[in-house]
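Reading the structure
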Amino acid sequence: MKTILFHKHGGPEVLEYADFPTPEPKTGEVLVRLRAAALNRMDVMVRNGWPGLKLELPHINGADGAGEVAAISAPLPEGEGRGVRVGDRVAINANLGCGKCEFCLNGQDNMCLNWHLLGETVRGTYAEYICLPARQLYKLPDDFDFHASAAAALVYQTAWHSMVKRGGVKAGETVAIVGAGGGVNSASIQVAKYLGARVVVVGSNAKKLKEAESLGADILI
């Protein structure tokens, strides 16, 4: 398969468009034919590297992605996979829990004892194919754009977790979002409005505040 990878850390010049072995799904995994991937700040940070970062090189960036189910290993663990079938259009949850520890079994995979983020410590979505546990996939409606899905996945899941799982935001409450223009903050505006909250956004310039207003912000500072 074709992929974008790097053999050493550095600037954009270390990225290579190269061939890489197509992965094969193991028990409980699904092979996804990627149709779109998105760029996060994390991808740049991983490419640049930091002290103590240990990667299996060459490394493939990319946390976000969307595509089609190309193959499914058999059998899938009971209750996993959300009913995905070959040919289904899917988006990826980049938050990789082990599925076995006490936190994962309690629905807190973000606190997994062996947690990984796709594209950060394990190879990611800048490739034609990727293998993932079936539980990491969300089925997409037939008319939902792959590019929009890839761009939305990580930031909207983060915003939803913050607003709903941790914050318990309810209709009629007021939510303050400090920082207009970032991916998670932009998603948080829309999630908060979906929940029926009033949204106050603090931004650094008029352009960012105008964009926040277009997403539904009620008060701009």
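These numbers come from a predicted model, not from an experiment.

Let's shift gears to the layout of surface pockets. A volume near 650 Å³ is recorded for the second largest pocket. What lines the second largest pocket is a set of 26 residues, and nearest its centre among them are Glu-29, Leu-118, Val-122, Arg-123 and Cys-131. In terms of residue count, the dominant contributor to the lining of the second largest pocket is strand 8 (residues 129-133) (5 residues). Considered class by class, the residues forming the lining of the second largest pocket number 15 nonpolar, 6 polar and 5 charged.

Let us now look at the pattern of salt bridges. Under the criterion given, the structure shown has 6 salt bridges. The salt bridge partner of Lys-139 is Asp-88, with a shortest N-O separation of 3.7 Å. Of this pair, Lys-139 sits in strand 9 (residues 137-139) while Asp-88 sits in the loop between strand 4 (65-72) and strand 5 (89-92), and the two are 51 residues apart along the sequence. Under the relative-accessibility criterion, Lys-139 is labelled partly exposed at 44%. By relative accessible area, which is 18% here, Asp-88 ends up buried. Measuring nitrogen to oxygen at the nearest pair gives 3.0 Å for the salt bridge that ties Asp-218 to Lys-193.

The omega angle of the peptide bond from Leu-57 to Pro-58 is 0°, so this bond is cis rather than trans. Along the chain, Pro-58 falls in the loop between helix 1 (41-48) and strand 4.

Turning our attention to the nonpolar core. Formed by 23 residues in total, the largest nonpolar core has its most connected members in Val-30, Val-32, Ile-92, Leu-118, Ile-130, Leu-132 and Leu-137. Elements represented by at least two residues in this core include exactly strand 3 (29-37), helix 1, strand 5 and strand 8. Considering each element in turn, this core owes the most residues, 3 residues, to strand 3.

All right, on to the pairing of strand 10 (residues 174-178) then. Each regular strand shows side chains that alternate between the opposite faces of the sheet. What you see with strand 10 is a clean split: Val-175 and Ile-177 sit on the buried side and Thr-174, Ala-176 and Val-178 on the side with no burial. When strand 10 meets strand 11 (residues 198-202), the two strands line up parallel, connected through 5 bridges. Bridging across to strand 11, Val-175 finds its partner in Val-199. Handedness of the crossover is the feature at issue here: the chain leaves strand 10, passes through helix 4 (residues 183-194), returns alongside strand 11, and the resulting connection is right-handed.

Overall, parallel pairing links the 3 strands, which are arranged 10-11-12 in an open sheet. The open sheet has two free edges, formed respectively by strand 10 and strand 12 (219-220), since each of these has just one partner strand. Examined bridge by bridge, strand 11 and strand 12 share 2 bridges and lie parallel to one another. Pairing of Val-200 across the sheet is with Ile-219, part of strand 12. Each of strand 10 and strand 11 is contacted by helix 4, which is oriented at about 175° to strand 10, the strand it contacts most.

Conventions we followed
Throughout, residues of each chain are indexed from 1 in the direction in which the sequence is written. Side-chain atom pairs in this predicted model are given and counted only at pLDDT of 80 or more, local residue features only at pLDDT of at least 70, and totals for whole chains, interfaces and linings cover all residues. Think of the side-chain values as coming from all heavy atoms in the structure, minus any hydrogens and water. Think of a 1 Å grid over the protein atoms and nothing else: a 1.4 Å probe that fits but is trapped marks a cavity, an open set flanked by protein within 12 Å on at least five of seven lines marks a pocket, and residues with an atom within 4 Å of a point count as lining. Grid points are joined across faces, edges and corners, and a volume is the space filled by probe spheres set on the points. Put simply, DSSP marks the helices as runs of H or I at least four residues long and the strands as runs of E at least two long, and each gets a number from the N terminus on. Put simply, Ala, Val, Leu, Ile, Met, Phe, Trp, Tyr, Cys and Pro go in the nonpolar bin, Asp, Glu, Lys and Arg in the charged bin, and everything else, Gly too, in the polar bin. Each reported salt bridge corresponds to a side-chain nitrogen of Lys or Arg within 4 Å of a carboxyl oxygen of Asp or Glu. For the exposure calls, accessible area comes from a 1.4 Å probe over protein chains only, and a residue counts as buried if that area is under 20% of its type's maximum, exposed if over 50%, partly exposed in between. The criterion is simple. A nonpolar core is a set of buried Ala, Val, Leu, Ile, Met, Phe, Trp, Tyr and Cys residues joined through side-chain atoms within 4.5 Å. Any two strands between which DSSP finds at least two bridges are classified as paired. With its strands directed away from the observer, a crossover is right-handed exactly when the path from the first strand over the helix to the second travels clockwise. What makes two residues a contact is simply this: any of their non-hydrogen atoms within 4.5 Å. Axes, fitted as lines to C-alpha atoms, cover a helix only where it is in contact. Angles between the N-to-C directions of the axes lie from 0 to 180 degrees.

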